[in-house]
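So the chains spell out like this:
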Amino acid sequence: MKKIITLFSLFILVLTACKNNKPNSKKKMKGEPICKYLGIDFSHHQGDANWKTIDTQTKHRASFFIFRAWRQGDRKDTSFQRNFAEAKKRGFIVGGYQFYDPNKDPATQTSNYIVFMDSIKLGKGDFRPIFDVELLSDTLLKVMGTITTLKKDTAQLRILKMIRVDTVDILANLRDTLRKQFVKNIKTCLSILEAKYGVKPILYANLNFFKENLLESFGFDYPLWIAAYDCDRRSDSVVINSSIVQFSDKIKLPGVKGTVDGNDIDCNKLEGLLLK
């Protein structure tokens, strides 16, 4: 029989392990208030959730559910409308996020997300719009990969220098230009969302991705939802200053196939994340 890790029990294990972690025993968990709201996020990958089962499992103590609403730039998540309605009907705080595709027009996909959220009447008491950034554009990734390859190929670099072609510098300039465009496109999406809803949207990213690609440009200007799965990351300044922390992707919740993501919100931050 498989051991089922519940949302609440795993969260307690995470915090206990972090506080007892010997290498960090001298570090105070400054960002860990006593009061936390716990919640779940998932998408159509988990199939059709059995909400009667979820509703009866009060021991899991979930307060909120967030679902993927829009994906791949122009496609709605097929399970979103049902999950959103079922969770809201049962009194859970709910939200829906746009999974950003950096290879498609930024304004168009965010406008599509807004139209879709209007159709399910996102409103008072629901989470603000949520913008999920996890990927760099294919072009930027190819340029970065080529730079890495060239730097390792010393023979190729010598040949290029002999013919006075500084390919690495050229590619580095192109990489920087593409990075600026990447940030500009995200700002376009966030501005559209803010204009529509009158509040800054929540920005989701993995901790490493955020620090490498978004921190310098966005800082803490937006409410952050950060994925950070180990103890050291709980004490990272970005995590401490985030509004929502995704602490695991291995939660087993009766009524939902496979595993889902577990999240926590400081009690004093929840109200500020909801639409008025």
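Heads up: the structure comes first, above all this text.
Residues numbered from 1 in each chain as written. Predicted model: local features only at pLDDT ≥ 70, side-chain atom pairs only at ≥ 80, totals over all residues. Heavy atoms only, no water.

Peer 1: Please explain the overall build of the protein chain as it appears in this structure.
Peer 2: Helix and strand content of the protein chain: 12 helices and 9 strands. Partitioning the contacts of the protein chain with sequence separation of at least 6, the portion at a separation of at least 24 is 69%. Approximately 14500 Å² of the protein chain is accessible, and the part contributed by carbon and sulfur atoms is 53%. (Helix = DSSP H or I, 4+ residues; strand = E, 2+ residues; numbered from the N terminus. Contact = heavy atoms within 4.5 Å. Areas by Shrake-Rupley, 256 points an atom, 1.4 Å probe, with all protein chains shown as cover.)

Peer 1: Sorry, what's going on with helix α4 (residues 106-119) here?
Peer 2: Given 3.6 residues per turn, any residue in an α-helix points the same way as the ones three and four places further on. For α4, spanning 14 residues, the distance from its first C-alpha to its last is 20 Å, which sits close to the expected 20 Å at 1.5 Å a residue. Along α4, the residues classified as buried are Pro-106, Gln-109, Thr-110, Tyr-113, Ile-114, Phe-116 and Met-117. Down the axis, α4 shows its buried residues gathered within 165° of arc, on one side only. The inward-facing, buried residues of α4 abut β2 (62-71), β3 (75-76), α3 (80-89), β4 (93-99), β5 (130-132) and α7 (167-197). (Expected span 1.5 Å × (residues − 1). Buried < 20%, exposed > 50% of the residue type's maximum accessible area, 1.4 Å probe, protein only. Arc of directions from axis to C-beta.)

Peer 1: Sorry if this is basic, but what is going on with the pattern of salt bridges here?
Peer 2: Applying the stated criterion across every chain yields a total of 13 salt bridges. Taking the shortest distance from any N to any O, the salt bridge between Arg-68 and Asp-77 comes out at 3.0 Å. Across this residue pair, the class does not change: Arg-68 and Asp-77 are buried. With its nearest N and O atoms 2.3 Å apart, the salt bridge here joins Glu-86 to Arg-90. On the basis of relative accessibility, which here comes to 19%, the residue Glu-86 falls in the buried class. You can call Arg-90 partly exposed: its relative accessible area is 23%. Among the charged side chains, a salt-bridge network with shared partners connects Lys-36, Arg-234, Asp-264, Asp-266 and Lys-269. (Salt bridge = Lys/Arg side-chain N within 4 Å of Asp/Glu carboxyl O.)

Peer 1: What's the story with unusual backbone geometry in this structure? I'm lost.
Peer 2: With the exception of glycine, most residues fall at negative phi, and the peptide bonds are largely trans. In this structure, Lys-121 takes a positive phi of about 60° despite not being glycine. Turning to its location among the elements, Lys-121 is positioned in the loop between α4 and β5. Judged by its relative accessible area of 65%, Lys-121 is exposed.

Peer 1: I would appreciate a short explanation of the state of the cysteines in the present structure.
Peer 2: A covalent bond bridging the sulfur atoms of two cysteines is what the word disulfide describes. Under the counting rule described, the total for this entry stands at 1 disulfide. Covalently, Cys-35 is tied to Cys-267 through a disulfide, its sulfur atoms 1.7 Å apart. Measuring the twist about the S-S bond at about -75°, one finds the Cys-35-Cys-267 disulfide to be left-handed. Here the residue Cys-35 occupies a position in the loop between α1 (7-20) and β1 (36-42), and Cys-267 occupies one in helix α12 (residues 267-270), the gap between them amounting to 232 residues. (Disulfide = S-S within 2.5 Å.)

Peer 1: Whenever I open this one, the environment of Phe-127 confuses me. Can you help?
Peer 2: Turning to its location among the elements, Phe-127 is positioned in the loop between α4 and β5. What makes Phe-127 buried here is its relative accessible area of 0%.

Peer 1: I'm lost on the layout of surface pockets in this one. Help?
Peer 2: Once rolled over the atoms, a probe with the size of a water molecule shows which space is left empty. By volume, the largest pocket is sized at about 310 Å³. Taken together, 20 residues line the largest pocket, and the ones lying closest to its centre are Asp-41, Tyr-97, Glu-134, Gln-246 and Asp-261. Mapped by element, the contributors of at least two residues to the lining of the largest pocket are β1, β4, β6 (202-206), β7 (224-227), β8 (244-251) and β9 (260-266). Across the lining of the largest pocket, the residue classes break down as 8 nonpolar, 6 polar and 6 charged. (1 Å grid on protein atoms, 1.4 Å probe; cavity = no way out; pocket = protein on both sides within 12 Å on 5 of 7 lines; lining within 4 Å. Points joined across faces, edges and corners; volume = space filled by probe spheres on them. Nonpolar A, V, L, I, M, F, W, Y, C, P; charged D, E, K, R; others polar.)

Peer 1: Before we go on, may I ask you to explain α7 in this structure?
Peer 2: Taking 1.5 Å per residue, 31 residues should reach 45 Å; α7 reaches 45 Å between its end C-alpha atoms and fits that length. Taken together, the buried positions of α7 are Thr-167, Val-168, Leu-171, Ala-172, Phe-182, Val-183, Asn-185, Ile-186, Cys-189, Leu-190, Leu-193 and Tyr-197. Of the residues one or two after α7, Gly-198 is the one with positive phi, at around 75°.

Peer 1: Just checking my understanding: could you explain the side chain of Asp-77 for this structure?
Peer 2: Position of Asp-77 among the secondary structure elements: in the loop between β3 and α3. Judged by its relative accessible area of 0%, Asp-77 falls in the buried class. Apart from residues lying up to four places away in sequence, Asp-77 is in contact with Ser-43, His-44, Arg-68, Ala-69, Trp-70 and Arg-71.

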